[in-house]
Amino acid sequence: MRILVLNSGSSSVKYQVIDTGSQDTLVVGQVERIGAGGAILTQTRTSDGERIKRSGSILDHRDAIQSVLDLVNDPDRGAMESLEELDGVGHRVVHGGEAFTDAVIIDDDVEDEIRDCIELAPLHNPHNLVGIRAARERLPEHPHVAVFDTAFHATLPPKAFHYALPYVLYKRHRIRRYGFHGTSHRHVLERSAQLMDREPDTLHLVSLHLGNGASACAIRAGQSVDTSMGFTPLEGLVMGTRSGDVDPAVILHVMAREEIGLSEATALLNKHSGLQGLSGISGDMRDLLEEEETGDERAKLALDVYCYRIRKYIGACAAAMGGVDAVAFTGGIGENAAGIRARALDGLGFLGIDVDEPENASLTGGEEGGFGSGRVALLVVRSGEELTIAKETERIVEQRERDR
Amino acid sequence: MNPNLDLDRATVVGAGTAGRGISRALAAAGIEVRMVERTDGLLDRARAALREGLDRDLGRWAVTESERDAILARIDGTSSLEAVRGVPIVFEAIPEDAKEKRALLREIDAIADPTTVFCLNTSTLSITALSEMLPVERRPLLIGMHFLHPVSRIPLVELVRGRHTGERAESMARAVAARLEKEVMEVAEYPGYVTTRLTLTLINEAVHLVMEGVATRDAVDRAMKLRLGARHGPLALADEIGLDSVYRALDSLWRELGLSQFRPAPLLRRMVSAGWLGEKSGRGFYRYDAAGRRLPVSEDFGKPPLDRLLPEG
């Protein structure tokens, strides 16, 4: 099937056209600065590197989607001759709450339910929804599928998803662990199984998505049983500018001592913490590795904390699953920072985790493969959220065809 | 048409505390802002103050460096009122003076596009009366949006419809509020609305308490801070708003409503005439360093003439 994958943000739409049969990405593109005068559209055709770059005024997401359709359909540099060739549209939706445990064909009721989840993901769901509405308007005859970041974690058992807070907060405000990066972890599972020549449902896998955001996922027998992100994508691992785990009392204490309010406290945790906050230099891994090289103590500290936190979570995931067959890395940092992988895995020999250094060092810049020399397989997997969204879309569309 | 979507530009007339606050909030929401002030000198000062405010907020984790830079880049200053041409919405944010506002609105009306909405940032003047100074066609396009200082931190705006305010002005104002993530409180057109009346009463009484020796400045602020669960006591709040603005607003309500609680406390008048205007002048009820941070209490006592009016502390 030929699937258009859409990821609508506040002022951007990222998209790919993917052929699920060959698993090839036909075109990759994005529209940036929607709503401003100088919007920028770029698209690259994968087969021959043919590029389109335009700028102009794009007032809203409807305009943006129309431009995307024009570009993918471009007679010279597009991916198809007619939109008829498109079999479906897959939409990334960040939060599916408890309502959505799987991807789903979008109708008006589904749109309403996604809207109900806005309270849980105020930064993302509204934009995802605007993109969905615009795309459904432009392509009313095509099937549209919502693929949720949270859905893969629908298998979390209650003992893993509940916080030990007053139960009434769960009833009243749906306060619980949801987990994120689900589409990515699902892809890591499938790809790891391929690389290991195993069936996904026989694996005990620790999946580590290390990008701007970072999360660990314990996948037992093909199902997510625990994950490091919680009610929001703030919990768990150290991230570029996000704190990950902190004692919740710290933030209350700081709010009182520094006389800051809710919005400052939220920004402090989300934008001023993590690698950025700890190092005082940058939230970008590449900068910190360079600074550490020159002997910067704070850069080293930030990286030590970053790696140590990952190591603890690998242990926690192994414990949650009662064993571990493989640890897989993905995301910009997971795929490229061999040194960080080695540091995060250091000292885990007791679990059967041993790093083959030369193999590890060779896996950068999009190379996939294994680098373990012990009992536990260690893997690098190229991130493939878009491919997974396309495959999920295909699965749901086929399922509907069968049900008819 | 969704008025939210063509809201990519706005002009703010007046680059005082309110005008800067509104400009910054608009820019933070991704809107290109032209800020108009009478002279280049005043504009330079406004720009410096904007940067200082953002730097201070950077230190309080309210913005990141890149957010600060993006906000500053989206605010363009000019001393020409021509900047009100070709924008969907103009914010008026000059001091609360009916005569000056009337004159300014007439000028803006002559230049602005016929569909441009005027948002008036007043808390004491009548939107209806101000709109009636303008041609009949413009009157439906006037609406009151009272932002509270500091605009970036207070998630509230009081929305005031005059008798002539029309659909377009209201939907535009609501779209702005939504874009700025401000909760809209619709209030009747009556001097002081809700927040100004209550805040000014509290501040004026607090000044009286200090003046009458009932309690020290610190005690008054601490007591009300704890009582209301607020971030500031009333005197620190007055410093933040600007004592001249407080004085002017009190005076205006005193004249309009004739209620004695709005009669400005004599101490307030003395401080304003001494140039002690609060945070912005480095000195008000408290003292502030150049970056606007309140100085520790020990450095801040024993300077005449205010200490003569303060009980021992």
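What comes next concerns the included structure. (Residues numbered from 1 in each chain as written. Chains lettered and ligands numbered in written order. Predicted model: local features only at pLDDT ≥ 70, side-chain atom pairs only at ≥ 80, totals over all residues.)

## Description of the interface of chain B and chain A
Many authors give the size of an interface as the accessible area that is lost as the parts come together. Of the residues lining the interface, ten residues belong to chain B; the matching set on chain A comes to 16 residues. The class makeup of the residues in the side of chain B that touches chain A is three nonpolar, two polar and five charged. (Contact = placed C-beta atoms within 7 Å. Nonpolar A, V, L, I, M, F, W, Y, C, P; charged D, E, K, R; others polar.)

## Focus: the sheet that holds strand S2 (residues 32–36) of chain B
Residues and elements named next belong to chain B. The eight strands are arranged S3-S2-S1-S4-S5-S6-S7-S8 in an open sheet whose pairing can be described as mixed. In this open sheet, the two edge strands, each paired with only one partner strand, are strand S3 (75–78) and strand S8 (183–187). The average angle at which neighbouring strand axes cross in this sheet is 25°, direction not considered. Note that strand S5 (residues 117–120) and strand S6 (residues 142–147) share three bridges and pair parallel. For Leu120, the partnering residue across the bridge sits in S6 and is Gly144. (Pairing = 2+ DSSP bridges. Helix = DSSP H or I, 4+ residues; strand = E, 2+ residues; numbered from the N terminus. Axes fitted to C-alpha atoms, helices over the stretch in contact; angles between N-to-C directions.)

## Observations concerning helix H2 (residues 40–59) of chain B
Residues and elements named next belong to chain B. In this model H2 runs 29 Å from its N-terminal to its C-terminal C-alpha over 20 residues, within 8% of the 28 Å that 1.5 Å per residue would give. Listing the buried residues of H2 in full gives Ala46, Leu50, Gly53, Leu54 and Asp57. Seen along its axis, H2 keeps its buried residues to an arc of 95°; they face one direction. Every exposed residue of H2 that faces more than 90 degrees away from the buried side is listed here: Asp40, Gly41, Ala48 and Gly59. Those residues of H2 hidden inside the fold are in contact with helix H1 (17–28), S2, helix H3 (65–74) and S3. Trp61 sits one or two positions beyond H2 and adopts a positive phi of about 65°. (Expected span 1.5 Å × (residues − 1). Buried ≥ 20, exposed ≤ 12 C-beta atoms within 10 Å, placed from the backbone. Arc of directions from axis to C-beta.)

## Focus: unusual backbone geometry
The linkage connecting His149 of chain B with the following residue, Pro150 of chain B, adopts the cis geometry, with an omega of -10°. Mapped onto the elements, Pro150 of chain B comes out in the loop between S6 and strand S7 (156–160). Positioned with a positive phi, Ala221 of chain A is a non-glycine residue whose angle comes to about 50°. Structurally, Ala221 of chain A can be placed in the loop between strand S10 (214–220) and strand S11 (223–227). Taking the number of C-beta atoms within 10 Å as the measure of exposure, Ala221 of chain A has 14 and is therefore partly exposed. The backbone of Glu259 of chain A shows a phi angle near 50°, a positive value even though the residue is not glycine. Mapped onto the elements, Glu259 of chain A comes out in the loop between helix H7 (248–257) and helix H8 (262–271). Residue class for Glu259 of chain A comes out partly exposed when judged on the 13 C-beta atoms lying within 10 Å of it.

## Details of the packing of helix H8 (residues 217–228) of chain B against helix H9 (residues 234–241) of chain B
All names here are of chain B. The contact between H8 and H9 brings their axes to 7 Å, and the two run at 95°. One element, H8, and the other, H9, form an angle in the roughly perpendicular class. On the side of H8, the interface is formed by Arg217, Val220, Asp221 and Met224, while H9 contributes Pro234, Leu235 and Ala236. Along the lines of polarity and charge, the residues of the contact of H8 with H9 split into five nonpolar, no polar and two charged. (Parallel < 35°, antiparallel > 145°, perpendicular 65-115°, else oblique.)

## Regarding the packing of helix H11 (residues 297–321) of chain A against helix H13 (residues 338–345) of chain A
Residue and element names in this part refer to chain A. The geometry of H11 relative to H13 is characterised by a closest axis approach of 7 Å and an angle of 55° between their N-to-C directions. Taken together, the axis directions place H11 and H13 in an arrangement best described as oblique. Every pair of crossing elements has a handedness; the one defined by H11 and H13 is right-handed. Two secondary-structure elements touch here, H11 through Cys307, Ile310 and Arg311 and H13 through Ile340, Arg343 and Ala344. (Left-handed = near helix turned anticlockwise from the far one by under 90°.)

## A word on the pairing of S6 of chain B
All names here are of chain B. Within S6, six of the six residues are buried, leaving the element largely enclosed by the surrounding structure. Side-chain alternation along S6 places Leu142, Gly144 and His146 on one buried face and Ile143, Met145 and Phe147 on a second face that is also buried. One ladder, built from four bridges, connects S6 with S7; its direction is antiparallel. Counted as the bridge partner of His146 is Glu158 from S7.

Purely geometric numbers; function is a separate question.
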